[in-house]
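Structural overview for review
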Amino acid sequence: MSAPPDGSAARPRLLVLPGDGIGPEITAATLEVLDAVDRALAIGFALEHDRIGFPALHAEGTTLPARVLERARAVDGILLGPISHLDYPPRDQGGVNVSAAFRVQLDLYENLRPARTRPGIGRTREPMDLLIVRECTEGFYPDRNMAVGSGEFMPTPDLALSVRKISAHACERIARRAFAHAQRRRRLVTAVHKANNFILSDGLFLREVRRVAAEHPNVRLEEVIVDAMAARLVREPGRFDVIVATNFYADILSDLASELSGSLGLAGAINAGESLCAAQAQHGSAPDIAGQDRANPTSLILSAAMLLDWLAARRGEARLAAAAAAIHGAVDEVLADPATRTADLGGTLGTRAFGRAVAQHAAALAVQGSTRS
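About the thresholds
In this convention, every chain numbers its residues from 1, walking through the sequence in written order. In keeping with the model being predicted, local features are shown solely for residues with a pLDDT of at least 70 and side-chain atom pairs are shown and tallied solely at 80 or more, while totals for entire chains, interfaces and linings include all residues. Just so you know, side-chain values use all the structure's heavy atoms and leave hydrogens and water out. A strand pair is defined by DSSP finding two or more bridges across the two strands. A helix here means a DSSP run of H or I that spans at least four residues, while a strand means a run of E at least two residues long, and both kinds are numbered starting from the N terminus. Here an angle of 0 to 180 degrees is reported between the N-to-C directions of two axes, which are lines fitted to C-alpha atoms, with helices fitted over the stretch in contact. Contacts were defined at the residue level, with two residues in contact if any of their heavy atoms lie within 4.5 Å. In this scheme, roughly parallel covers angles under 35 degrees and roughly antiparallel covers those over 145, while 65 to 115 is roughly perpendicular and the rest are oblique. Handedness of a helix crossing follows the sense of rotation of the near helix relative to the far helix, less than a right angle counterclockwise being left-handed and clockwise being right-handed. All residues other than Ala, Val, Leu, Ile, Met, Phe, Trp, Tyr, Cys, Pro, Asp, Glu, Lys and Arg, Gly among them, are scored as polar; the first ten of these are nonpolar and the last four charged. Two aromatic rings, drawn from Phe, Tyr or Trp (for Trp, its six-membered ring), form a pair once their centres lie within 6.5 Å of each other, and the interplanar angle then sorts them: stacked below 30 degrees, edge-to-face above 60, tilted otherwise. Burial classes follow relative accessibility: with a 1.4 Å probe on protein chains only, a residue under 20% of its type's maximum area counts as buried, one over 50% as exposed, and anything between as partly exposed. We define a salt bridge as a side-chain nitrogen of Lys or Arg found within 4 Å of a carboxyl oxygen belonging to Asp or Glu.

Spatially, S2-S1-S3-S12-S11-S4-S5-S10-S8-S9 is the arrangement adopted by the 10 strands of the open sheet, whose pairing is mixed. A strand with exactly one partner marks an edge of an open sheet, and here the two such strands are strand S2 (46-49) and strand S9 (220-225). Here the strands of the sheet are splayed against their neighbours by 25° on average, with no regard to which way each runs. Across the sheet, helix H5 (residues 168-183) lies against strand S4 (110-116), strand S5 (129-135), strand S8 (188-193), S9 and strand S10 (242-245), angled at about 160° from S5, the strand it touches most.

It is worth spelling out the packing of helix H1 (residues 23-41) against helix H10 (residues 318-336) at this point. Contact pair H1 / H10: the axes reach a minimum separation of 10 Å and the direction vectors enclose 130°. With respect to H10, the axis of H1 lies oblique. Seen from above, H1 lies across H10 with right-handed handedness. Between H1 and H10, the contacting residues are Val33, Leu34, Val37 and Leu41 on the first element and Arg319, Ala322, Ala323, Ala326 and Ile327 on the second. Taken together, the residues that form the contact of H1 with H10 break down as eight nonpolar, no polar and one charged.

The next point concerns the environment of Phe179. Within the fold, Phe179 resides in helix H5. The spacing of Phe179 and Val212 is 33 residues in sequence and 7.9 Å in space, taken between C-alpha atoms. Beyond its immediate chain neighbours, meaning those up to four positions away, Phe179 contacts Val189, Val209, Val212, Ala213, His216, Val219 and Leu221.

Tallying each qualifying case throughout the model produces four aromatic pairs. Aromatic pair Phe54 and Tyr88: ring centres 5.0 Å apart, planes at 85°, arrangement edge-to-face. Placement of the pair is Phe54 in helix H2 (residues 53-60) and Tyr88 in the loop between strand S3 (77-80) and helix H4 (98-105), with a sequence separation of 34 residues. Owing to a relative accessible area of 8%, Tyr88 belongs among the buried residues under this scheme. With 5.6 Å between their ring centres and 70° between their planes, Phe140 and Phe198 make a pair best called edge-to-face.

Below, the discussion takes up the pattern of salt bridges. This structure, assessed with the given rule, holds 33 salt bridges. Here Glu208 ties to Arg211 by a salt bridge, and the two come within 3.3 Å at their closest N and O atoms. Remark: Arg211 and Glu208 occur in helix H6 (residues 201-213); sequence separation between them is three residues, near one turn of the helix. Note that Arg315 and Glu317 form a salt bridge whose closest N and O atoms lie 2.8 Å from each other.

Written out as structure tokens, the structure is:
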């Protein structure tokens, strides 16, 4: 990666963790795109590479070596490839859920998952452009609900129990992030819940959302039960703007929204805290097509662009914002041509060729933008 000009801000330090399955392939494509905008705008990314997932388990006995977590705390951003957590051994045999560990131990509580249709791609009758704001440090997920042990357990061989954790603190801060995003968009927040059954836990979530809403009188709040929300996303996806929900509901609804937008392979995402952000594709590791140059790298490429947007806002660096805009624009340009789409979208390009095409378009757009400015 290129070095920034003298007198510029410190080089953005990114930790690159390819992960499992198709992770190394889509990470390589994403790095080619980052290199293109880096060269065009002289940003000077400083990249560190390490291993997680099965490569780390085979070499070091754990899917998440302690040094990786420590380095993650020290860098400006993380490029996190997909993981095959379902196939890992038990935790006491080294099988740590890397995504959960990053979110909880680094307090990356805000999982942003946008879903937007593009011309010629999508399964909706109308355009859709929404943002799902997911709280991802607690909820129904047993690996992040207890200080010691798991939130899922079996008192007898024929009885399994799972603990759901909902705190006012987590609900309040994710609500604040949702309303902050809505202020910059169409000023509508949809809070998704199941308070008709989960009276106390979802009731607490709604209490905190309503408190934050009272501080934003120019943003409209609506409350929708989660099962009705799934139906309404299919029926009228274009009416929604910012959707905020607890971990489990938002996880499911974001996959639905992404598929409606065209493919889960188009779903960019970041996990952000107060001082650190990780770009992570919304989809899984797809081990069945690993190493075949068939994976669609769009999700991780867009996630990287979202990371650059987050860094630009935090550091006040216009070049990072310009790089993010160039990547978003390049993806739109490449996807606009059916011939330059990946096979899952009816095209013919493989992972490497698609990444190369996006990189070329991103470099051109970055140069055009810098010339105009």
